[in-house]
Amino acid sequence: MVPSHTLQFGQQKLRTALKHASHCEAQLGYGFILHARRRGRRSVLGVITPSGESLALTPRLLSGLARRPLWLFGTARVALESGETIRLPRDGDVGNTPLTTVLMHVEGLHQYAPGAQRVVEVEATVIANALIQPLVVLTTDRPVSWPL
């Protein structure tokens, strides 16, 4: 269970990011908050949707984002890939098993190279146990496989 103040804070961050991204040519109209949440005694990655739904991030949910434009905080292109799951399920279906990590590829402009508009690429592992601040990820619209 995610505390209600966490949901409200996440929704506010998301609304603000969507408002600031409204002028973006990518037409970003949907997003989610990527944050750390508890699953029993373990930390896993979770998402908060614009409607306030909070759920654990799973490989199946992540696959719904495939081939979609994703923007970190509405400013840098990003791609997310499944990382480690909380445990391997007995039935072998890892699609619904919560993720403890995701691999994030960020593509952005180097802000300290005046006029150069040089592209900088960063690859990082987002780890539930180490994620202090939530990440805002924006896209064009809600994936069909995602809840409202």
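The present account deals with the structure reproduced in this document. Keep in mind that this is a model prediction, so the values were computed, not measured.

Within the largest apolar cluster, 25 residues are counted, with the highest numbers of intra-cluster contacts made by Leu 34, Leu 57 and Val 102. Secondary structure elements with two or more residues in this core: strand S1 (30–39), strand S2 (42–48), helix H2 (59–63), strand S4 (70–72), strand S5 (76–82), strand S6 (101–109) and strand S8 (135–139). With residues up to four places along the chain from it excluded, the contact list for Val 102 reads Leu 34, Leu 45, Leu 57, Leu 62, Leu 80, Glu 81, Gly 83, Ala 124, Thr 125 and Val 126. Counting residues in each nonpolar core, the second largest holds 12 residues, with Val 2, Leu 7, Ala 17 and Leu 28 among its members.

In this structure the tally under the stated criterion is one aromatic pair. A ring pair is formed by Phe 32 and Trp 146, whose centres lie 5.0 Å apart and whose planes are at 45°; its orientation type is tilted. Taken together, the positions of Phe 32 in strand S1 and Trp 146 in the segment after S8 put the pair 114 residues apart, joining distant regions of the chain. By relative accessible area, Trp 146 is classed as buried at 3%.

On to the environment of Leu 57, then. Inspection of the secondary structure assignment puts Leu 57 in the loop between strand S3 (54–56) and H2. Overall, the relative accessible area of 1% leaves Leu 57 in the buried class. As a C-alpha pair, Leu 57 and Val 44 span 13 residues in sequence and 7.7 Å in three-dimensional space.

For the rest of this paragraph, the subject is the environment of Val 136. Position of Val 136 among the secondary structure elements: in strand S8. In this structure, the C-alpha to C-alpha distance between Val 136 and Lys 13, residues 123 residues apart in sequence, is 7.4 Å. Leaving out residues up to four positions away in the same chain, Val 136 has contacts with Lys 13, Leu 14, Ala 17, Phe 32, Ile 33, Trp 71, Leu 72 and Phe 73.

About the criteria used
- Residues numbered from 1 in each chain as written.
- Predicted model: local features only at pLDDT ≥ 70, side-chain atom pairs only at ≥ 80, totals over all residues.
- Heavy atoms only, no water.
- Core = buried A, V, L, I, M, F, W, Y, C linked by side-chain atoms within 4.5 Å.
- Buried < 20%, exposed > 50% of the residue type's maximum accessible area, 1.4 Å probe, protein only.
- Helix = DSSP H or I, 4+ residues; strand = E, 2+ residues; numbered from the N terminus.
- Contact = heavy atoms within 4.5 Å.
- Phe/Tyr/Trp six-rings, centres within 6.5 Å; stacked < 30°, edge-to-face > 60°.

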